[in-house]
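Observations on the model geometry
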Amino acid sequence: MLSVQGLGLHHSGNYLFQNTNFTIKKDDKVGLVGKNGAGKSTLLKMLSGEINFYEGSVVREGGATIGFLKQDLDFVKGRTVWAETMQAFEQINAWKNELEEVNHQMTVRTDYESDAYTDLINKMTELNDLLMNHDAYNLEGDMEKVLFGLGFKADDFQKITDEFSGGWRMRIELAKLLLQKNDIMLLDEPTNHLDMESIIWLENFLKDYPGAIVLVSHDKQFMTAVCNRTFDINNKKVDDYKANYSKYLVMREERREKLIGAKKNQDAEIKQMEDNINKFRASATKASFAQSLMKKLDKIERIEVDNEDVSKFNIRFVQSMVPGKVIFEAENLGKAYGKKQIFDNVDFIVQRGDRIALLGQNGQGKTTLAKILAGDIKDHTGTWNLGHNVNIGYFAQNQEEVLTPNKTVLEEAEDAATEETRPRVRDLLGSFLFQGEAVSKKTKVLSGGERNRLALCKLLLRPFNTLIMDEPTNHLDIQSKEIIKLALQNFEGTLIVISHDREFLDGLCDKIYEFRDGRMKEFLGSVGEYLEYRQKETLREISAEKAKLHSEDKIEPKPVPKEVKVEEKSSTIVSKEQKNIQNKLKKVEERISELETEIEKYEASFTKENPSEETLEKYNKTKEELEVALQEWEHLGSQLS
């Protein structure tokens, strides 16, 4: 489906890729791995055609279609979630519009026996066949399945996309891409804005996807479940492993051990050559021999082996004084933004040494609670008390809100350090990939991953006995995540962490608090057991949402009546009686469209204020008229079958 030959990309002579070759076939599910900056996202852009200034070739075989999940959004203001999602079917919508125009021409023209009219009938047949083959009249079911799976509720379908946060709008963009059913799907961090339940749903969807997938993700469990092939981008090349992520790790370690052995032999060979060069270069009789050795030495392609053992980094949080037994105690805690109640009547006690995971869908209040406990939010209901000698370290989800824009990386870290940790500042920054000139960058120009690494580094420079971590692994590569997890496992204080990364939480927390429907409750079990429970509950909730959706006729738009073929099998001539029926059918369809528009306006107004008795009566009467019109349409359609 996709053939890559001799691919190379460089800036000022410095290659990111060089002479890269691979082929992607229909059933390939490829995971791209590599450190931040290795070129994973760049490779996706090259495959999609967004970047086209490169060496070599990227060839789509057989006209394969490619869909690319981008991180930038381009929504038309004023569209509902349903209408925006419908934009996924651009080609199908074009066919429908063309068919509508053909039907209009057949309605107004009377030259039934002409070649032009016959061409119209043939075109109508062709378009109807295309729509039927693409299951164009069952799109609503597919849209429901994907939107529900990504966490939307039935009531969200009619809301304007402008009302949603960037993360939820990115879910709409993802839904559109999944519905397009491209031959090749390119996904750059598709789980970034998803909660745990939606990640699991997407995982199962992609496993059964009939086309090829190339994805970048820092979620190890997600990669293992979805991918059957792994591309390791390192040292300007792409190593192809025919295995999922967990098997790739084993195979990579085997390859790495061989590389270490080869590097050891090469280093010995290089040292021998350098010794001979130094020995013979001053000799008049051996100078030419030394020159040939130097040329040979320059041609040697040096073997490089990355350091993958995170335990060698030995990064630890500085321990503060021992706090009292109770860290936090809350009673009837609640928080609302305007009329929207996020959570209420929350009671809990956090004791010294607890390691708690806050789980639940996005928007349920996890971050809000973290901000209350960190002291960033003061206006809440209920009470909470801070324990004796509790020293809190808080990692905020949005680091641009807590970093000083005009400070350099080094200045930001030094300001966070104590007198005892100041000598360790540069070493710690180096451990988080801030080396050389990188420490002089202003924090306002840092990427999301760089901001997170700097914030984590700052936490390691001050003594704390309680850590509140809100999505600490966002934008981090897999190795950085492993370093932070190891440091948190070695942390002897109290830990409260919000994360949607299952592998990161596994073995890190021993308590789970779930946020749902404005409440917080403790789940007695492991992260794995919670996920099993949540999957069953999610299936039940989706079934309930579907039932609610159809019982209230909330979908926009209503199912469009299928176009009816009017040609006779034995003749291309349309009778006068059939022509009259077609005209009636056209008028009924227009009436159905008008009634649907009226109903949609009523339902949109219901979301803003409670309807009066008179309005409800008009609404119900309009729905009854629609039912009558649909019955008439079915009757007329049967006369043309």
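Up top is the structure.
We now turn to the structure provided with this report. A quick note: this is a predicted structure, and the numbers were derived from the prediction, not measured. Counting restarts for each chain, with residues numbered from 1 along the sequence as it is written. In keeping with the model being predicted, local features are shown solely for residues with a pLDDT of at least 70 and side-chain atom pairs are shown and tallied solely at 80 or more, while totals for entire chains, interfaces and linings include all residues. With hydrogens and water set aside, each side-chain value is computed from the structure's full complement of heavy atoms.

Focus: the environment of Asn580
Along the polypeptide, Asn580 turns up in helix α18 (residues 576–606). Each C-alpha atom, one on Asn580 and one on Thr107, is 9.2 Å from the other, the two residues being 473 residues apart in sequence. Under the DSSP-based scheme used, a helix requires at least four consecutive residues in state H or I and a strand at least two consecutive residues in state E, with every element numbered from the N terminus.

Details of the sheet that holds strand β10 (residues 326–337)
Two strands qualify as a pair provided DSSP detects at least 2 bridges between them. Spatially, three strands are ordered β11-β10-β13 in an open sheet, and the strand pairing comes out antiparallel. The open sheet terminates on both sides in strands that have one partner only, identified here as β11 (340–351) and β13 (381–386). Here the average twist between neighbouring strands, direction ignored, is 15°. Pairing geometry for β10 and β11, over eight bridges, is antiparallel. Every angle, taken between N-to-C directions, lies between 0 and 180 degrees, and every axis is a line fitted to C-alpha atoms, over only the stretch in contact when it is a helix.

Digging into helix α6 (residues 166–180)
Spacing of three or four residues puts side chains on the same side of an α-helix, whose turn is 3.6 residues. Given a rise of 1.5 Å per residue, 15 residues ought to cover 21 Å, and the 21 Å separating the end C-alpha atoms of α6 matches this to within 8%. Any residue under 20% of the maximum accessible area for its type is buried, any over 50% is exposed, and the rest in between are partly exposed; the area is computed with a 1.4 Å probe on protein chains only. The buried count for α6 comes to eleven of 15 residues, which makes it a mostly enclosed element. Every buried residue belonging to α6 is among Gly167, Trp168, Met170, Arg171, Ile172, Leu174, Ala175, Lys176, Leu177, Leu178 and Leu179, and all of these are buried. Along its buried surface, α6 packs onto β5 (66–69), α2 (81–86), α5 (139–149), β6 (184–188) and α7 (196–207). Following α6 by one or two positions, Lys181 adopts a phi angle in the positive range, close to 55°. Residue count minus one, scaled by 1.5 Å, sets the expected span of a helix. Here a residue-residue contact requires only that any non-hydrogen atoms of the pair lie within 4.5 Å.

Notes on the environment of Asn182
Note that Asn182 resides in the loop between α6 and β6. The exposure class assigned to Asn182 is buried, which follows from its relative accessible area of 12%. Separated by 117 residues in sequence, Asn182 and Thr65 place their C-alpha atoms 5.3 Å apart. Within polar-contact distance, the side chain of Asn182 engages the side chain of Gln180 at 3.1 Å. N or O atoms within 3.5 Å of each other form a polar contact, as long as, within protein, one can give a hydrogen and the other can take it, and as long as residues adjacent in sequence are counted only when both atoms are side-chain atoms.

Section: the packing of aromatic side chains
Centres within 6.5 Å make a pair out of two Phe, Tyr or Trp rings, where for Trp the six-membered ring is used; the pair is then stacked when the planes are under 30 degrees apart, edge-to-face when over 60, and tilted otherwise. This structure, assessed with the given rule, holds 16 aromatic pairs. Geometrically, the ring pair formed by Tyr530 and Tyr533 is tilted, given 6.5 Å between the ring centres and 50° between the ring planes. You can see Tyr530 and its partner Tyr533 sitting in helix α17 (residues 527–551), three residues apart, about one turn around the helix. Site record: aromatic cluster; members linked through ring pairs are Trp82, Phe148 and Phe157.

Things to note about the side chain of His218
Within the fold, His218 resides in the loop between β7 (212–216) and α8 (220–226). Of the polar contacts made by the side chain of His218, one reaches the side chain of Glu189; its length is 3.1 Å. Contact partners of His218, with chain neighbours within four places excluded, come to Asn36, Lys40, Glu189, His475, Leu476, Asp477, Ile478, Lys481 and Asp501.

Looking at the packing of helix α3 (residues 90–108) against helix α4 (residues 115–133)
Contact pair α3 / α4: the axes reach a minimum separation of 10 Å and the direction vectors enclose 150°. Relative to α4, the element α3 lies roughly antiparallel. In the crossing of α3 with α4, the sense of the turn from one axis to the other is left-handed. Counting all contacts with α3, which are made through Ile92, Trp95, Lys96, Glu98, Leu99, Val102, Asn103, Gln105 and Met106, the residues of α4 involved are Tyr117, Leu120, Ile121, Lys123, Met124, Leu127, Asn128, Leu130 and Leu131. For this scheme, ten residues count as nonpolar: Ala, Val, Leu, Ile, Met, Phe, Trp, Tyr, Cys and Pro. Four count as charged, namely Asp, Glu, Lys and Arg, and the remainder, Gly too, count as polar. Of the residues in the contact of α3 with α4, the class split is twelve nonpolar, three polar and three charged. Roughly parallel covers angles under 35 degrees, roughly antiparallel covers those over 145, roughly perpendicular covers 65 to 115, and oblique covers all other angles. For any helix crossing, the convention is left-handed if the near helix is rotated counterclockwise from the far helix by under a right angle, and right-handed if that rotation is clockwise.

A few points about the nonpolar core
One recurring pattern in soluble globular proteins: nonpolar side chains tend to sit buried together. Counting 60 residues, the largest nonpolar core has Phe152, Leu178, Leu187 and Leu206 as its most contacted members. Reported domain spans reflect what an automatic or database domain assignment gives. Mapped onto the domain boundaries, this core takes at least three residues apiece from domain 1 (1–65 + 183–242) and domain 2 (79–181). Sequence-distant contacts of Leu206, that is, excluding residues within four places in its chain, are made with Lys29, Leu178, Met185, Leu187, Ile213, Phe222 and Val226. In this description, a nonpolar core means a group of buried Ala, Val, Leu, Ile, Met, Phe, Trp, Tyr and Cys residues linked to one another through side-chain atoms lying within 4.5 Å. Grouped together as the second largest cluster of nonpolar side chains are 47 residues, Ala417, Val425, Ile484 and Val527 included.

Observations concerning the pattern of salt bridges
Every case where a carboxyl oxygen of Asp or Glu lies within 4 Å of a side-chain nitrogen of Lys or Arg is listed as a salt bridge. The final tally for this structure, using the stated rule, is 32 salt bridges. The closest approach of N and O atoms between Lys181 and Asp142, which form a salt bridge, is 3.6 Å. With Lys181 in the loop between α6 and β6 and Asp142 in helix α5, this residue pair connects regions lying 39 residues apart in the sequence. Lys181 sits in the exposed class, given a relative accessible area of 53%. With a closest N to O distance of 2.8 Å, Arg591 and Glu625 form a salt bridge. Residue Arg591 is found in helix α18, and its partner Glu625 is found in helix α19 (residues 613–640); the two are separated by 34 residues along the sequence. Look at Arg591 and you get partly exposed, because its relative accessible area is 32%. Salt bridges sharing partners connect three or more residues here, namely Asp28, Arg229, Asp240 and Lys242.

Describing the sheet that holds strand β9 (residues 237–241)
In spatial order, the strands read β5-β6-β7-β3-β8-β9; together these six strands make up an open sheet with mixed pairing. Of all strands in the sheet, those bounded by a partner on one side alone are β5 and β9. On average, adjacent strands in this sheet sit at an angle of 15° to one another, irrespective of strand direction. Bridge count for strand β3 (residues 29–33) against β7 is four bridges, and the pairing is parallel. Paired with Val30 across the bridge in β7 is Val214. Those strands touched by α6 are β5 and β6, and its axis lies near 170° from that of β5.

Quick look at unusual backbone geometry
A positive phi angle is found at Asn19, which is not glycine, with a value near 50°. Mapped onto the fold, Asn19 is located in strand β2 (residues 14–24). Classification of Asn19 as exposed rests on a relative accessible area of 56%. One non-glycine residue with positive phi stands out, namely Asn345, at about 55°. Along the polypeptide, Asn345 turns up in strand β11. For Asn345, a relative accessible area of 42% corresponds to the partly exposed category.

Focus: empty space enclosed by the protein
Cavity: a set of points on a 1 Å grid over the protein atoms alone where a 1.4 Å probe fits but cannot get out. Pocket: an open set with protein on both sides within 12 Å along at least five of seven lines, its lining residues, like those of a cavity, having an atom within 4 Å of a point. Grid points are joined across faces, edges and corners, and a volume is the space filled by probe spheres set on the points. On inspection of all chains with the given rule, the structure shows six cavities of 30 Å³ or more. Quantified by volume, the largest cavity comes out at close to 170 Å³. In terms of residue class, the lining of the largest cavity is made up of two nonpolar, eight polar and five charged.

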